[in-house]
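# Inside the fold
The chain contents come next:
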Amino acid sequence: MTRGTFISFEGIDGAGKSTHIARVAQLFREAGRAVVLTREPGGTPLSEKLREMVLHEPMDALTEALLMFAARREHLVQVIEPALARGDAVLCDRFTDATFAYQGGGRGFDWQVLAQLERMVQGLPGGALRQPELTVWFDLDPHIAAQRLASARVPDKFESQPADFFAAVRSGYAQRQAEMPSRFARIDAAQSLEAVAAQVSRVVTDWLNRKAT
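Here's what I pulled together on the structure shown here. (Residues numbered from 1 in each chain as written. Predicted model: local features only at pLDDT ≥ 70, side-chain atom pairs only at ≥ 80, totals over all residues. Heavy atoms only, no water.)

This part covers the sheet that holds strand E3 (residues 89-93). Taken in spatial order, the 5 strands make up an open sheet running E2-E3-E1-E4-E5, and their pairing is parallel. In this open sheet, the two strands that pair with only one neighbour each are strand E2 (35-39) and strand E5 (184-188). Ignoring strand direction, the axes of neighbouring strands in this sheet form an average angle of 20°. Here strand E1 (residues 5-11) runs beside E3; their pairing, made up of 5 bridges, is parallel. From the neighbouring strand, serine 8 faces E3, where its bridge partner is cysteine 92. The sheet contacts of helix H1 (residues 17-30) involve E1, E2, E3 and strand E4 (134-139), and relative to E3 the element is tilted by about 175°. Where helix H4 (residues 96-106) meets the sheet, it contacts E1, E4 and E5, and its direction lies at approximately 20° from that of E1. (Pairing = 2+ DSSP bridges. Helix = DSSP H or I, 4+ residues; strand = E, 2+ residues; numbered from the N terminus. Axes fitted to C-alpha atoms, helices over the stretch in contact; angles between N-to-C directions. Contact = heavy atoms within 4.5 Å.)

Set out below in structure tokens:
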């Protein structure tokens, strides 16, 4: 059986990452792979309920972090791990890096507490952590992101935050990349849609070719 593949797509609100996930899914399907498209927070009925709470209800920063990881645990147990065991390609719109970026960077919540929760929720036999093999980070200046969001849907409590919040989130993503550079691929999301799509396709294709050797 083909070994499962786990890729996450990260970026601040307005970076455009969701637009490109379907194109990556098509790359895998053309290669004959089954694809699971999912998102965080969410991915299961319970996790989607927790998502609604996190996105729309005011709450303490620790409560917010705990709900994120609770949703993630259900997502891992019910969706991600079974899909990887089947040999599927799992493409996830955000994963744990988003929690470090938004709760750790944006909210200023304790980075080490998040790391403890990460080990608790994502631990694998032998002491390893379940992490994406590749994380495609759509990096974008928060002011450009805000311009894009201005004409979008009614914002949730994160999307309605000021630009300095998103600057802190962006710094959180940069810190995660610095901690785990081998799995991160940074995309310049300020480029045109076509240029971003080409860069994403190139990154994923090159990564798959390296993985196959």
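So, on to the environment of alanine 83. For alanine 83, the position within the fold is in helix H3 (residues 61-86). Between the C-alpha atoms of alanine 83 and leucine 114, which are 31 residues apart in sequence, the distance is 25 Å. Ignoring anything within four residues of it in the chain, the contact list for alanine 83 reads Val36, Asp88 and Val90.

Moving on, we get to the pairing of E3. For E3, the buried fraction is high: 5 of the 5 residues fall into the buried class. A two-sided burial pattern is seen for E3, the buried positions comprising Ala89, Leu91 and Asp93 on one face and Val90 and Cys92 on the other. The sheet contact formed by E2 and E3 spans 5 bridges and is parallel. In the strand pairing of E3, valine 35 is matched with alanine 89. (Buried < 20%, exposed > 50% of the residue type's maximum accessible area, 1.4 Å probe, protein only.)

Side chains that differ in charge, positive against negative, can pair when their charged atoms come close. Applying the stated rule across the entire model yields 14 salt bridges. With its nearest N and O atoms 2.9 Å apart, the salt bridge here joins glutamate 133 to lysine 211. Note that glutamate 133 is positioned in the loop between helix H5 (111-122) and E4 and lysine 211 in helix H8 (residues 193-212), a separation of 78 residues in sequence. Judged by relative accessible area, glutamate 133 falls into the partly exposed class, the value being 24%. Its salt-bridge partner being arginine 186, residue aspartate 139 comes within 2.8 Å of it at the nearest N-O pair. Taken together, the residues span a long stretch of sequence, with aspartate 139 in strand E4 and arginine 186 in strand E5 at a distance of 47 residues. Taking the relative accessible area as the measure of exposure, aspartate 139 reaches 6% and is therefore buried. Since its relative accessible area comes to 40%, arginine 186 is described here as partly exposed. Linked by salt bridges that have partners in common, Asp97, Glu118, Arg176 and Arg183 make up one network. (Salt bridge = Lys/Arg side-chain N within 4 Å of Asp/Glu carboxyl O.)

Interpretation in functional terms is not warranted from these geometric data alone.
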